[in-house]
Amino acid sequence: MADVTFTVDGKKLTAPAGTLLIEACRAAGIAIPQFCYYPGLALQAACRMCLVRQEKVGKLQTACTTQVAEGQVFTTESPEIAQARKATVELVLGNHPLDCPVCDAGGECELQDMTFKYGAGVSLYTEAKQHREEQQWSPVVFFDRPRCILCYRCVRVCNEGMDVAALGVQSRGVTSVIAPNMGDHLECEECGNCIDICPVGALTSGTYRYKTRPWEMNHVSTICTHCADGCKTTLGVRSANYGAEIIRGDNRDRSGINGDFLCIKGRYAFDFANRPDRLTKPLLRDKDGQLKEATWEQALDRTAGRLRELRESRGGGAIGVIGSNRTTNEENYLLQKFARTVLGTNNIDHHRTADYAAFVRALGERGRGRSASLRETASAPAVLLLGNDPTQEHPLAAWNLRTDVRLNQARLYVVNHTPIKLERQATATLRIPQDGYGNAIRFLAGDDTALPADDAGRGFRDALRAEPSLLILFGSEYRGAGVARVIEFGLGLADARFACLGDYVNSRGAADMGLLPDLLPGYLPVSKPGGLVEEYGGALPQTPGMDLIQIFDAAARGDLAALYVVGSNPVLRYGIAPETLKNTFIVVQEMFLTETAQLADVVLPAANLYEKSGTVTNTFGDQQLVNKAGDLAGTRSDFEMIVRIATKMGADAKKLVPYGRGVRADMGQSRGAQSGEADRHAVWLAANNLEPKLSPLDPFAVLDEIERLVPGYEPQAGGRAELMAGNDIHLEPPSAPAASSADAGPARRDLVLPAADTLFTSGTLGRYSEKLNSVLEAYTTAARTTGRDGLSPVAAGESAGERDRRA
Amino acid sequence: MSAETQTLFSPGLAARFDRMVTLYPQRRSALVPMLLYAQDEMGALNDAVIAEVASRVGISELEVRNVISYYSMLHTKPRGKYHVQVCTNISCMLRGGNELFARCKEKLKIENRETTPDGLFSLEEVECIGACSWAPAVQVNYDFHENLTPESLDALLDQYRTQNGLADRGGR
Ligand code: SF4
Ligand code: SF4
Ligand code: SF4
Ligand code: FES
Ligand code: FES
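Residues numbered from 1 in each chain as written. Chains lettered and ligands numbered in written order. Predicted model: local features only at pLDDT ≥ 70, side-chain atom pairs only at ≥ 80, totals over all residues. Heavy atoms only, no water.

### Description of the overall build of chain A
Here's step 1: Helices and strands together make up the secondary structure of chain A, namely 26 helices and 29 strands.
Here's step 2: Over its C-alpha trace chain A gives a radius of gyration of 28 Å, about what one expects of a compact globule, namely 28 Å for 807 residues.
Here's step 3: Projected onto its principal axes, the C-alpha positions of chain A cover 90 × 65 × 65 Å.
Here's step 4: Counting only residues that meet the buried cut, chain A has 59% of its 807 residues in that class.
Here's step 5: Total accessible area on chain A is roughly 30400 Å²; 52% of this is exposed by carbon and sulfur atoms.
Here's step 6: For chain A, the centre of its 88 positive side-chain charges and the centre of its 98 negative side-chain charges are spaced 1 Å apart. (Helix = DSSP H or I, 4+ residues; strand = E, 2+ residues; numbered from the N terminus. Rg over C-alpha atoms; globule rule 2.2 N^0.38 Å. Buried < 20%, exposed > 50% of the residue type's maximum accessible area, 1.4 Å probe, protein only. Areas by Shrake-Rupley, 256 points an atom, 1.4 Å probe, with all protein chains shown as cover. Lys, Arg positive; Asp, Glu negative; His and termini not counted. Charge placed at Lys NZ, Arg CZ, Asp CG, Glu CD.)

### Quick word on the site of ligand 2
Here's step 1: What surrounds ligand 2 is a group of 13 residues, the closest being C148(A), C151(A), Y152(A), C154(A) and C198(A).
Here's step 2: Classifying every residue of the shell around ligand 2 gives 13 nonpolar, no polar and no charged. (Near = heavy atom within 4 Å. Nonpolar A, V, L, I, M, F, W, Y, C, P; charged D, E, K, R; others polar.)

### Some words on the domain arrangement of chain A
Residue and element names in this part refer to chain A.
Here's step 1: What the domain assignment reports for chain A is domain 1 (3-77), domain 2 (283-312 + 321-351 + 507-549 + 609-743) and domain 3 (356-501).
Here's step 2: Each of domain 2 and domain 3 has a C-alpha centre, and the two are 34 Å apart.
Here's step 3: Every contact between the two is made by 19 residues of domain 2 and, on the other side, 22 residues of domain 3.
Here's step 4: Summing both sides of the interface, domain 2 and domain 3 together bury roughly 1600 Å²; the carbon and sulfur share of this comes to 59%. (Domains from an automatic or database assignment. Contact = heavy atoms within 4.5 Å. Buried area = accessible area lost by both parts, 1.4 Å probe.)

### Digging into the sheet that holds strand β18 (residues 382-386) of chain A
Residue and element names in this part refer to chain A.
Here's step 1: An order of β20-β19-β18-β21-β22 is seen for the five strands of this open sheet, with the pairing classed as parallel. The open sheet is flanked by β20 (428-431) and β22 (496-500), the only strands paired with a single partner. Pairwise comparison of adjacent strand axes, ignoring direction, gives a mean angle of 15° for this sheet.
Here's step 2: As defined by bridge partners, β18 adjoins strand β19 (residues 411-416) across five bridges and the pair is classed as parallel. Bridging across to β19, L386 finds its partner in V415.
Here's step 3: In the packing of helix α9 (residues 356-363) onto the sheet, contacts are made with β21 (470-474) and β22, and the angle to β22 comes to roughly 160°. (Pairing = 2+ DSSP bridges. Axes fitted to C-alpha atoms, helices over the stretch in contact; angles between N-to-C directions.)

### Observations regarding the domain arrangement of chain B
Here's step 1: Taken domain by domain, chain B comprises domain 1 (11-70) and domain 2 (82-167).
Here's step 2: For domain 1 of chain B versus domain 2 of chain B, the distance between C-alpha centres works out to 29 Å.

### Here's the deal with the pairing of β18(A)
Residue and element names in this part refer to chain A.
Here's step 1: Most of β18 sits out of view: five of its five residues are buried.
Here's step 2: Of the two faces of β18, the one holding A382, L384 and L386 and the one holding V383 and L385 are both buried throughout.
Here's step 3: Bridge count for β18 against β21 is four bridges, and the pairing is parallel. Within β21, the residue paired with L385 across the bridge is L473.

### Focus: the pattern of salt bridges
Residue and element names in this part refer to chain A.
Here's step 1: As enumerated under the stated definition, the model contains 58 salt bridges over all chains in all.
Here's step 2: A salt bridge links R720 to E707; its shortest N-O distance comes to 3.3 Å. Of this pair, R720 sits in helix α23 (residues 719-724) while E707 sits in helix α22 (residues 699-709), and the two are 13 residues apart along the sequence. The two residues R720 and E707 agree in class, both being buried. (Salt bridge = Lys/Arg side-chain N within 4 Å of Asp/Glu carboxyl O.)

### Remarks on the interface of chain A and chain B
Here's step 1: Between chain A and chain B, the contact holds 16 residues from the first and 15 residues from the second.
Here's step 2: Interface area for chain A against chain B, summed over the two sides, is near 1200 Å², with a carbon-plus-sulfur share of 44%.
Here's step 3: The interface formed by chain A and chain B includes zero salt bridges.
Here's step 4: Taken together, the connections running from chain A to chain B amount to five residue pairs in polar contact (both at pLDDT 80 or more).
Here's step 5: Considering each element in turn, the side of chain A that touches chain B owes the most residues, four residues, to strand β8 (residues 167-170) of chain A.
Here's step 6: Of the residues in the side of chain A that touches chain B, the class split is seven nonpolar, five polar and four charged. (Polar contact = N/O pair within 3.5 Å; in protein donor to acceptor, adjacent residues only side chain to side chain.)

### Regarding the packing of aromatic side chains
Here's step 1: Enumeration according to the criterion identifies 15 aromatic pairs over all chains in this entry.
Here's step 2: Here the aromatic rings of F592(A) and Y768(A) are separated by 3.9 Å at their centres, their planes lie at 0°, and the arrangement is stacked. With F592(A) in the loop between β24 (585-590) and β25 (602-605) and Y768(A) in the loop between α24 (763-767) and α25 (770-786), this pair connects stretches of sequence that are 176 residues apart. In terms of burial, F592(A) and Y768(A) fall into one category: buried.
Here's step 3: Look at Y70(B) and Y71(B): their rings are 5.1 Å apart centre to centre, the planes differ by 75°, and that puts the pair in the edge-to-face class. (Phe/Tyr/Trp six-rings, centres within 6.5 Å; stacked < 30°, edge-to-face > 60°.)

### Quick look at a nonpolar patch on the surface
Here's step 1: On the surface, Y70(B), Y71(B) and M73(B) cluster together into a nonpolar patch covering about 290 Å² of accessible area.
Here's step 2: Within the secondary structure layout, Y70(B) lies in helix α4 (residues 61-70). (Patch = residues over 30% accessible without salt bridge, like charges linked within 9 Å, V, L, I, M, F, W, Y side chains within 5 Å.)

### Side note on the sheet that holds strand β3 (residues 138-140) of chain B
Residue and element names in this part refer to chain B.
Here's step 1: Strand order in the open sheet made by the four strands is β2-β1-β3-β4, with mixed pairing throughout. If you trace the sheet from one side to the other, it starts and ends with β2 (121-126) and β4 (143-145), each paired once. Strand-to-strand, the axes of this sheet are offset by a mean angle of 25°, without reference to chain direction.
Here's step 2: Relative to β3, strand β1 (residues 82-87) runs antiparallel, the two being bridged by three bridges. Note that in β3 the partner of V84 across the bridge is V140.

### Examining the packing of helix α8 (residues 329-343) of chain A against α22(A)
All names here are of chain A.
Here's step 1: Viewed as axis vectors pointing N to C, α8 and α22 meet at an angle of 75°, and their least axial separation amounts to 9 Å. As far as their axial angle goes, α22 and α8 are roughly perpendicular. Contacts between α8 and α22 involve N329, E330, Y333, L334 and K337 on the former and, on the latter, P699, V702, L703, E705, I706 and L709.
Here's step 2: Taken together, the residues of the contact of α8 with α22 sort by class into seven nonpolar, one polar and three charged. (Parallel < 35°, antiparallel > 145°, perpendicular 65-115°, else oblique.)

### What about the packing of helix α2 (residues 31-42) of chain B against helix α3 (residues 47-57) of chain B?
Residues and elements named next belong to chain B.
Here's step 1: The N-to-C vectors of α2 and α3 enclose an angle of 150°; their axes lie 11 Å apart at closest approach. As summarised for this structure, α2 and α3 are arranged roughly antiparallel, according to the angle between their axes. For the element pair α2 and α3, the recorded crossing hand is right-handed. Facing α2, whose interface residues are L31, M34, L35, A38 and M42, α3 presents V49, V53, R56 and V57.
Here's step 2: Here the contact of α2 with α3 is built from residues that sort into eight nonpolar, no polar and one charged. (Left-handed = near helix turned anticlockwise from the far one by under 90°.)

Have a look at this one:
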């Protein structure tokens, strides 16, 4: 809308006509107090804290509902306004306990702040206050009724933002009370957004309440370790005798890719880190076959010694490496470099949850610039969702899509074989057979024989194809040629952008960094390593290695001498029988004694994603910074372990991690194009205004190398600064010839195994979260007693979003 | 949403509800009138009624409860056959509303918002019912009785007790 000019406190401000005054002021650095107003949620105008004086208007006006227009004149602070706010605070405090020192919100309470700023020192209210006991509504949500100031933020976030509608307002006037959907408890998605958004201490979290004070914690921004959306979460950490304990997860600064949102996993499921059964000492299998505690030196020596022996005696081809979906890009990159240059093998894989390689290849040159950031799920005018159930598997993307429909009237088209909750926001839904995902694309592309086409189906297709631009999200229902068909279809539309939905925080990073037997970092085929040979300072194995299944097949045949597993539990996930591995030397870097770790000869206690630094890439290709928050004495990062083992095996740390100066100086080229160019890494660093890193254990040294060498991770304008500032940067997949189909070789085996996680599960890691377990248990018990489906507590039906949209 | 196949309501009311939800741009707009009709037929808005109404208008039971708890004329517990609503708002108060209310309590031996043991009468003190010109006024179910005195009130209650010539227009 056209800009208008108006005056606030004597300052001329400009904003698009119709902007809410409170927002226009915020943008200009004028803070107006608010309780009920919350950006993005329906206006409530319930609290009267935002009162301002508008010239030529009789009464004070609420800034949260006033839209700016040309020539208006406002005053936001004056004795009159202060008096009005003082009266409001006094009313709010009428029945509010005056015991901030024992309230869980003390120190970060908006009412406390407002009372300090405007409140009266005395109260005229002399009646006895009505006390009510606190109630526990769910494993995560507690309610303390007298503290509630009836701002209705919680109700709106649960209705509009979550489309769960588990909270409501009962009764009216002074007797109004926030009520949970099941009478005395909640059945909901347990996201905790209501707690986070509550301005006072009325809603509190089962994880955090009464444990500490906000000012006693350090607050570290990092990335959630669970699903592949990669929400930014701020972890509250406190010193503990074993290191640093994580006490809280939230996103109050709303700075990240996820804005206000966190799901239960990002907000509460960090508790695995504090579990008493975390491994803190390396374990070695002794002569009697028992795992016994050992020192780090013993464990690293044993690992390096055995690996070297086996590499010499049986060759790199007899060693397998399985990487992780939850380690950083730097660790993944280092792991594949270690596997290929030190162990001498391409037998490296990971639990693949989506076919990113096919996605990158399918995009190719024509799809350049067509990969979508997660941010676009909140702003795209039209979205096609093929397969997947984002509510369960991509909670942030689901939140964004709901927001997009609610605030931008976006049109959401859902193609699925089973009803999913997001259909309540959908403009249209196409129900297909479970095996009909490929046919669905043919149908959408115009082939009427692909699906039993009825009018509804054709209507869906026509509406979709008439969209001037379309964001296409597809789940792991599509792999290999299926992915190619999706991209082909999309590239035939007016303007389509794409994202591939996998599982786990760094599954995209694992694929990007080459934890694959046939592809190097940046999806370069192992047969054409190009400059990497020289960069890595020696020969690289050039035939594709064994994939994860083949690795275990080899073990069964007795052909696998050693297996090196980092942060993964393939034994459980792929149902590997323990006997399969009885002749294999197994090293496992893990937090817990998982099914895989139990079979290991060496178990190395690993730090988790919250205890290290580096970067991760979400399933949309948005790279973000991970910061060390927690700390557990005795554990080491996977990065450090790999470097230590490699050097103990005789590798040159400088070749693995470019640190210090002159790393390439001793490569000794005396002829050819590179002659005289002593240190390309140093040259690159200088050109990018970066310093050499000083330690072989510094993950950012590897980030430098990734940016320098990995197609798709090239430094972007402002990239490193943005990354370090905690912002997400969207990376376009490489479209180098490497990724073109000519080099793809024979069709790759389909090894995609979706994690099939729900809101309350998270692979092996989820099993170690008490909070997730308690919620799961609550819902399983509820399901047993009420016959409801505990995992989808929210019944299908017309949604708040849908209603709002039609309204 | 299609019409409910299994319903708690009489065929006539169920058909009426099927139609009502189609009359508004949003189904939920039919909520308050539906609740009133349902209450008249069923006597109270119990859990089963709430569940059916919620599904008919496509909102959660919690949202239906939010609305019921907002309006004082919507009830979740059954009331007496005759629900006596005595206005004590200003016009009625000036013309003896409080006395009428006291007389009711005395005669029916119940307090505000209570029901007589035989289930015949329930009593409620209400705000202005829009009959100020003929204050003091009492509403029994949907019938208004105006310009009352304690004596005429007595007679009125007796009449209801014996159903002496007073047509019950329903609506509890
Ligand atoms: S779904 Fe989230 S916002 Fe709604 S009640 Fe549950 S925890 Fe609160
Ligand atoms: S519980 Fe908190 S967020 Fe909800 S209405 Fe009360 S004060 Fe507001
Ligand atoms: S949506 Fe995904 S990334 Fe975000 S908090 Fe939940 S599990 Fe973590
Ligand atoms: S913030 Fe404006 S009325 Fe509450
Ligand atoms: S005051 Fe009693 S009817 Fe208006």
